[in-house]
Amino acid sequence: MANVSLSSGNFYHTLKEYVISLLLKKPALDKDELSNYRPIFKLSLLSKIEERVVKARLSDHLTSNNLNLHQSAYSKHHSTETALLYIHDHLINARGSHQISCHCFLDLSAAFDPIDHNILLTCLLYWFGIKALL
């Protein structure tokens, strides 16, 4: 089923169905304030399996083409610790070479919320060779 979905570019409508539950962010917060809750999307088992298949294939593609050398999230044997060690190593090497270093840390947690999906799919195709059927 996952192969048919990926080759056709169609994600079956029944797999798009979900149930939303609200979870209080912290027990001490006011239960009457809606902003103190975060949504939890409960997907079907088949939808979760499809998601894992796509993630595995995408990760393999990026790894085999050396496209995620410094990617820490969602990569095997990488974590926030390895990302910090990478940055620390570069800072130490720069200081040892008498170079100036500057690091800018950004919160990109909602960076892709307003993105135009056609532009994103075009970039994925031309930059990373990831084909998506529209």
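Now for a look at the structure at hand. Given the structure is predicted, the values throughout are model-derived calculations rather than measurements.

Things to note about the overall build of the protein
When helices and strands are counted, the protein shows 4 helices and 2 strands. The order of helices and strands in the protein, counted from the N terminus, is α-β-β-α-α-α. Against the globule reference of 14 Å for 134 residues, the protein gives a C-alpha radius of gyration of 20 Å, more extended than a compact globule. C-alpha extents for the protein along the principal axes are approximately 60 × 45 × 30 Å. When the 134 residues of the protein are sorted by exposure, 9% land in the buried category. Summing over all exposed atoms, the protein offers an accessible surface of approximately 11700 Å²; the carbon and sulfur share of this is 61%. Charged side chains of the protein number 13 positive and 12 negative; the gap between the two group centres comes to 6 Å.

Observations concerning the environment of I130
When you line up the elements, I130 lands in the segment after α4 (117–128). Spatially, the C-alpha atom of I130 lies 8.3 Å from that of L58, the residues being 72 residues apart in sequence. With residues up to four places along the chain from it excluded, the contact list for I130 reads L58, H61, L62, L124 and L125.

Comments concerning the environment of E17
Its location among the elements puts E17 in the loop between α1 (2–8) and β1 (18–24). A C-alpha to C-alpha distance of 55 Å links E17 and G96, two positions 79 residues apart in sequence. Contacts of E17, omitting those with residues within four sequence positions, involve K42, L43 and S44.

Some details on α4
Relative to the 16 Å expected for 12 residues at 1.5 Å per residue, α4 spans 16 Å between its end C-alpha atoms, a close match to the ideal helical length. If you check the start of α4, you find a side-chain oxygen 2.9 Å away from the backbone N of N118, and it comes from D116. Just downstream of α4 lies G129, where phi reads positive at about 70°.

Observations concerning a nonpolar patch on the surface
On the surface, a nonpolar cluster with roughly 570 Å² of combined accessible area is contributed by M1, V4, Y12, L45, L46 and I49. Sort the elements by how many residues they give to the nonpolar patch and helix α2 (residues 45–64) lands first, with 3 residues. Within the secondary structure, V4 sits in helix α1. Residue classification places V4 among the partly exposed residues on the basis of a relative accessible area of 46%.

About the cut-offs
- Here the residue index of a chain counts from 1 through its sequence in written order.
- For this predicted model, a pLDDT threshold of at least 70 governs which residues receive local features, and a threshold of 80 or more governs which side-chain atom pairs are given and counted, while totals over whole chains, interfaces and linings are taken from all residues.
- Excluding hydrogens and water, the side-chain values take into account all heavy atoms of the structure.
- Helix numbers and strand numbers start at the N terminus; a helix is a DSSP run of H or I with at least 4 residues, a strand a run of E with at least 2.
- With C-alpha atoms as the basis for the radius of gyration, the globule rule is written as 2.2 Å multiplied by the number of residues raised to the power 0.38.
- Relative accessibility decides the category of a residue: with a 1.4 Å probe and only protein chains considered, values under 20% of the type maximum give buried, values over 50% give exposed, and everything between is partly exposed.
- The Shrake-Rupley method, run with a 1.4 Å probe, gives the accessible areas here. Residue values count only the displayed protein chains as cover.
- Charged-residue counts in this description rest on Lys and Arg as positive and Asp and Glu as negative, His and the chain ends being excluded.
- Charge coordinates come from a single atom per side chain, which is NZ of Lys, CZ of Arg, CG of Asp or CD of Glu.
- Two residues form a contact once any of their heavy atoms are found within 4.5 Å.
- Multiply 1.5 Å by the residue count of a helix minus one, and that product is the helix's expected span.
- For this analysis, a polar contact is any N or O atom pair within 3.5 Å, provided that within protein one partner can donate a hydrogen and the other can accept it, and provided that sequence-adjacent residues contribute only side-chain to side-chain pairs.
- Residues forming no salt bridge and having over 30% relative accessible area are the ones grouped into patches, like charges within 9 Å of each other and nonpolar side chains (Val, Leu, Ile, Met, Phe, Trp, Tyr) within 5 Å.
- A side-chain nitrogen of Lys or Arg and a carboxyl oxygen of Asp or Glu constitute a salt bridge if their distance falls within 4 Å.

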